[in-house]
Amino acid sequence: MYMSSIPETTPCPPVGIFHFCFINKSPLGDLGVKMLHICLTIILLGFIITQNAVSQNPGNPGTTVKIGLLVQDSSYRSAIHGAELALLEANEKGGPDGRKFGLAVRSMEGPWGTGSKQAVDLIFNEKVWALMGLHDGRNAHLVEQAATKSQVVFLSAWSADPTLSQAFVPWFFNCVPNDNQQAASLYKEIYEIRKYRNIVVVHGNDYDSGKSYVSFMNFVKKSGKPDPLQFNLEDDVQKTGILAEKITESGADCIVLFCTPRASLELIRQIQKIKTEPQVFGPLSILNENELLAQELKFFDNILSVPSGEWPEAENRKFRQEFKKKYGYEPGATASYSYDAMRILIEAVRLAGRSDYELIQKSLKNIHFNGVTGPVRFDEKGNRMGKFEIKKTRNGVPITF
């Protein structure tokens, strides 16, 4: 059982330092991040004041243990299905005191700031026990602020923005390796293990691509290695064929992409026309099956390599079979992380035993969980711990099983 609603509209934020920090990838560094958090806090206080009062607990939770799911937009069906499957399996065992788990879904599509209202609605109107999100980094900041003000646990299952954990918010946890963790794995594989010399980096200007690109380049600069040849995708957005020619003419040993899934696909298609077996690396965010069709993800097969760690074979086989049986298609990376994140939240609720935000947070902080994306534990900042080795992809997921 899950409930959805059409997102309400809110005015766009004023242009100024707030807009500057977000759109231009926080060039002010730590100061920019702090100012970002201050602006978000002011906006969210306005929303929360309209909700009468901030509750420390879900209050009277009724007969259903609700968990709120925030997705980027209504096209994120696999993200919803992954969470829903975990919830259906949990209900076969029953929730705390025999109650059922319920899923309240909200889409964040609409004018900027919609995500704040949707998070606040889930917390105060739906009275969810916890929040889970599969969306971009900008929206993740909005949800994190709402969770902080209400002290509701927020588990991110897709955004890898490393600044989310730098605020030291005890209510925030991340089920995916963040950009810094992924960048460390990419750097090690490319520079230390394979020892590539001619490296080309392509990046986009969207928020998430910018964050992952900066994380990778920071590792290169700290190492003292020469900067790789770099291309801004926006300079050739209408000329991917020309950009592909520039890359191949450079004699690149490997290509590192920090672009949207669609842009990455188009560029790889163009490169394949010239170079049959390019070595391509990139972050997990490229494998978003909600933005690419299954047949399009196959273009990445044995070409694209991403940081993932080991996904256990037996658990994945069972998950994939059950998912396809229920929904009629193969789960991808977002479905896998969504499934794990929901199971983790359900386990934390079971360990807490009752509708107490603080107990749920403590349960999540100390959890040791074995999921389809590998073992899950969190450090003191809420980041996922572990080794995220580089794996090639097939059918839209890392080849680890």
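The structure contained in this document is the topic of the report that follows. Since the structure is predicted, the reported quantities are computational estimates derived from the model, not experimental observations. (Residues numbered from 1 in each chain as written. Predicted model: local features only at pLDDT ≥ 70, side-chain atom pairs only at ≥ 80, totals over all residues. Heavy atoms only, no water.)

**Side note on the packing of helix H8 (residues 240-249) against helix H9 (residues 261-274)**
- Closest axis-to-axis distance for the H8/H9 pair is 9 Å, and the angle between their directions is 55 degrees. Classified by the angle their axes make, H8 and H9 are oblique. As for how H8 packs across H9, the hand of that crossing is right-handed. Packed against H8, whose contacting residues are Thr-240, Gly-241, Leu-243, Ala-244, Glu-245, Ile-247 and Thr-248, the element H9 presents Glu-266, Leu-267, Gln-270, Ile-271 and Ile-274 at the interface.
- Residues of the contact of H8 with H9, tallied by class, amount to six nonpolar, four polar and two charged. (Axes fitted to C-alpha atoms, helices over the stretch in contact; angles between N-to-C directions. Helix = DSSP H or I, 4+ residues; strand = E, 2+ residues; numbered from the N terminus. Parallel < 35°, antiparallel > 145°, perpendicular 65-115°, else oblique. Left-handed = near helix turned anticlockwise from the far one by under 90°. Contact = heavy atoms within 4.5 Å. Nonpolar A, V, L, I, M, F, W, Y, C, P; charged D, E, K, R; others polar.)

**Observations concerning helix H13 (residues 357-365)**
- Those residues of H13 that sit buried are Tyr-357, Ile-360, Gln-361, Ser-363 and Leu-364. Along the long axis of H13, the arc covered by the buried residues comes to 160 degrees, so they all point the same way.
- On its buried face, H13 is in contact with helix H5 (137-150), strand E6 (172-174) and helix H12 (333-352).
- For H13, the N-terminal cap is Asp-356; the gap from its side-chain oxygen to the backbone nitrogen of Glu-358 is 2.9 Å. (Buried < 20%, exposed > 50% of the residue type's maximum accessible area, 1.4 Å probe, protein only. Arc of directions from axis to C-beta. Polar contact = N/O pair within 3.5 Å; in protein donor to acceptor, adjacent residues only side chain to side chain.)

**Points about the packing of helix H6 (residues 179-193) against helix H7 (residues 207-223)**
- At a closest axis distance of 9 Å, the pairing of H6 and H7 adopts a crossing angle of 50 degrees. When the interaxial angle is binned, H6 and H7 end up oblique. Regarding H6 and H7, the two cross each other, and that crossing is right-handed. Contacts from Asp-179, Asn-180, Ala-183, Ala-184, Leu-186, Tyr-187, Ile-190 and Tyr-191 in H6 reach Asp-208, Lys-211, Ser-212, Ser-215, Phe-216, Phe-219, Val-220 and Ser-223 in H7.
- For the contact of H6 with H7, the residue count by class is nine nonpolar, four polar and three charged.

**Some remarks on the nonpolar core**
- Membership of the largest hydrophobic core comes to 98 residues, with the highest contact counts inside it found for Leu-131, Val-202 and Ile-247.
- With twelve residues, H12 is the largest single contributor of residues to this core.
- With near-sequence residues (within four places) excluded, Ile-247 lies in contact with Val-200, Val-202, Phe-231, Ala-252, Ile-255, Leu-267 and Ile-271.
- If you look at the next biggest cluster of nonpolar residues, it comprises 17 residues, including Tyr-196, Met-217, Cys-254 and Val-256. (Core = buried A, V, L, I, M, F, W, Y, C linked by side-chain atoms within 4.5 Å.)

**Describing the packing of aromatic side chains**
- Inspection of the entire model under this criterion finds 14 aromatic pairs.
- Aromatic side chains Tyr-187 and Tyr-191 sit 4.8 Å apart centroid to centroid with 20 degrees between the ring planes, which places their arrangement in the stacked category. Placement of the pair is Tyr-187 and Tyr-191 together in helix H6, with a separation of four residues, close to one helical turn.
- Judged by relative accessible area, which is 10%, Tyr-191 ranks as buried.
- Three or more aromatic residues joined by ring pairs form one cluster here, namely Tyr-187, Tyr-191, Tyr-213, Phe-216, Phe-219 and Phe-258.
- If you follow Arg-77 out to its NZ or CZ, it ends over the ring of Tyr-329, 3.9 Å from the centre. (Phe/Tyr/Trp six-rings, centres within 6.5 Å; stacked < 30°, edge-to-face > 60°. Lys NZ or Arg CZ within 6 Å of the ring centre and 35° of its normal.)

**Comments concerning the pattern of salt bridges**
- What the rule picks out here adds up to 13 salt bridges.
- As a salt-bridge pair, Lys-324 and Glu-330 come within 3.8 Å of each other at their nearest N and O atoms.
- Under the relative-accessibility criterion, Glu-330 is labelled partly exposed at 40%.
- What emerges from the salt-bridge pattern is a single network uniting Lys-66, Arg-106, Asp-121 and Glu-126. (Salt bridge = Lys/Arg side-chain N within 4 Å of Asp/Glu carboxyl O.)

**Some points on unusual backbone geometry**
- The backbone phi angle of Phe-168 is positive, close to 55 degrees, even though this residue is not glycine.
- For Phe-168, the location among the structural elements is in the loop between strand E5 (154-156) and E6.
- Overall, Phe-168 belongs to the exposed group, its relative accessible area being 56%.

**What about the pairing of strand E3 (residues 100-107)?**
- The buried fraction of E3 is high, at seven of eight residues.
- Bridge analysis of strand E2 (residues 64-71) against E3 gives eight bridges, and the strand direction is parallel. Bridge assignment links Lys-66 to a residue of E3, and that residue is Gly-102.
- In the classification by handedness, the crossover that spans E2, the intervening helix H3 (residues 77-91) and the parallel E3 is right-handed. (Pairing = 2+ DSSP bridges. Right-handed = clockwise from strand over helix to strand, strands pointing away.)

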